[in-house]
Amino acid sequence: MTLSAFLLASPFLLAPQTGPRHDVLTAAELAARSGIGRLEADGSWSLAPGERAVLAVTAPQPFRSFGAFWRGGFAAATTRLVRNDGSTSPVSPLVRNDDLTAGARGPGAAAPTGAIVGALHHGYGGDSHAVVLTVTGPARLRDLALVWVPGAGEGARRPAPPPFPGAAGYPKPFVYDRGSWGADPPQCGYSYWSVDHVAIHHTASASEYWSTSWSECAANVKATQSYHMYVNGWCDIGYHYLVCVHGDLFEGRGGGDDVVGAHDAYNLGSMAISCMGYFHPPYSQTLTPAMEDAIAELGAWKCDQKGIDPLGASWYDGYGGVVANVYGHRDVRSTSCPGDQAYARLDAIRQAIAARLNGGGGQVVLDTDQLHLLGAWSLGSSSSDKYGPDYRWTSTGTGSRLVAWWEPDVPSAGWYDVYLWWPQGWNRNPQTLVGARTPSGLTTTTVDQQHDGGRWNLIGTWWLPQGRLSKVGVANDGPAGWVVVADALRLVKR
Ligand SMILES: [Zn+2]
Ligand SMILES: [Zn+2]
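Residues numbered from 1 in each chain as written. Chains lettered and ligands numbered in written order. Predicted model: local features only at pLDDT ≥ 70, side-chain atom pairs only at ≥ 80, totals over all residues.

A look at the domain arrangement of the protein chain
Put simply, the rule is: For each domain, the first and last residues come from an automatic or database assignment.
One can read the domain layout of the protein chain as domain 1 (3-149), domain 2 (178-357) and domain 3 (363-493). Computed from C-alpha atoms alone, the centre-to-centre distance between domain 1 and domain 3 is 58 Å.

See the structure below:
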């Protein structure tokens, strides 16, 4: 069958399997299927420099994500997924995932000891039924196993952020928990070791960076867990946290604080954050500002909780040596992880963590000129305790609700203390309705505008997503006879 005929072949209609499966192609099968290369005396299949083999392989079950492990090596390889509707995914490099290759295999591992484990390629826009694999020589392979990881679907619903968890220490940023991505339970017990280092990794999966939605990212995390548990036989997903291109943080391994992960082959005393993408050539994806911000938030929380100096170095128990407290995988092992582009940002990330712990989280201030108005609000300027040159005011008891609100352009997702400024006065409403609409809903409270004028007043702490997705405002609800004022808004990142 020609390649194009193969691409158009109808998908088969097997009942979906629940777990990943793999097929091992021996050297002889690699030679027969590709029709190129030679069988060597040592039982391996070889390609000369520049020789290129193309293999189209149909999967035994529909799959969303594709992985591979092999014994031997090659100059380069790529994969392209063939979807059930006949369309194909973009080409993604098949590269070794050092985090998986270096780690010890657990019981029931599909990959034998010594095999190289490749990064996942996730398909978007529907399940796939085949893969087109190209291998460029020089190559020498004893065998190559193709791993088919079924999707749990991309139907996971994005949960709303919970209420602010409290003010003790630097707050933990909002993390999508295991329930949100449909984690499987671990297949063995967890062990614990107090964390004093934060490790930065990448997943080496270029396709993860191409995700366009939260639910795709959640499905990618689920596939990663399946792959770690099935191919390497690990108890659970190896990383403690994963951060997607949108800056969303996902809980990885279960078990809570200080659970021992599986990520840099040492593991004791380090908390692993993995950046979802491929941060060195040939793709050289770069950490988005949202990713860096999420890492800094998570790092600030952990460094504060554990008394870790983000700019310092200390003894790393698992490694048996002194390592930067916030380190990249390549600092402790010969690996490209977390990729040149991510590694180059490590110092900026350390500084960002330090800045947060020193109270430099950043703030946004919006004055009267940024207000959106519903109904008639007068412009005032006579109060001396106003913020800026003027403010808006209206009266209560108008029959319908009048609202003045801001739509701040939040620079990065996170917990924000939200403050309002008003000029006070004897005629102000002592129970002025104020509130915020965030992705978790509308929250309101009342403030006494007869008092506390001329300063910032905290009205609440909310998780605000990046961008203009939240509103903070003042309303004229209440019995007739009072004046309500909208003057300025301030957001301060926790
Ligand atoms: Zn790594
Ligand atoms: Zn995402």
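Section: unusual backbone geometry
Stated precisely, the cut-off is as follows: Segments assigned H or I by DSSP are reported as helices when at least four residues long, segments assigned E as strands when at least two residues long, and all are numbered from the N terminus.
For the bond running from Gly137 to Pro138, omega is 10 degrees, close enough to zero to count as cis. Position of Pro138 among the secondary structure elements: in strand S9 (residues 128-149). Backbone torsion omega between Cys337 and Pro338 reads 5 degrees, so that peptide bond is classified as cis. Tracing the sequence through the fold places Pro338 in the loop between strand S16 (326-328) and helix H8 (340-343). Backbone geometry places Ser284, a non-glycine residue, at a positive phi of 45 degrees. With respect to the secondary-structure elements, Ser284 resides in the loop between strand S13 (270-275) and helix H7 (289-306). The backbone of Asp452 sits at a positive phi, close to 60 degrees, despite the residue not being glycine. Along the chain, Asp452 turns up in the loop between strand S24 (441-447) and strand S25 (456-464).

With respect to the sheet that holds strand S17 (residues 363-366)
Quick note on the threshold: Here, any two strands with at least 2 DSSP bridges between them count as paired. Interaxial angle, 0 to 180 degrees, is taken between N-to-C directions of lines fitted to C-alpha atoms, where a helix line uses only the stretch in contact.
What the four strands build is an open sheet, ordered S17-S28-S22-S25; its pairing is antiparallel. Every other strand in the sheet has two partners, leaving S17 and S25 as the edge strands with one partner each. Strand-to-strand, the axes of this sheet are offset by a mean angle of 20 degrees, without reference to chain direction. Of the strand pairs in this sheet, S17 and strand S28 (residues 488-493) are connected by four bridges, and their pairing is antiparallel. Residue pairing for S28: Leu366 is matched across the bridge by Leu489.

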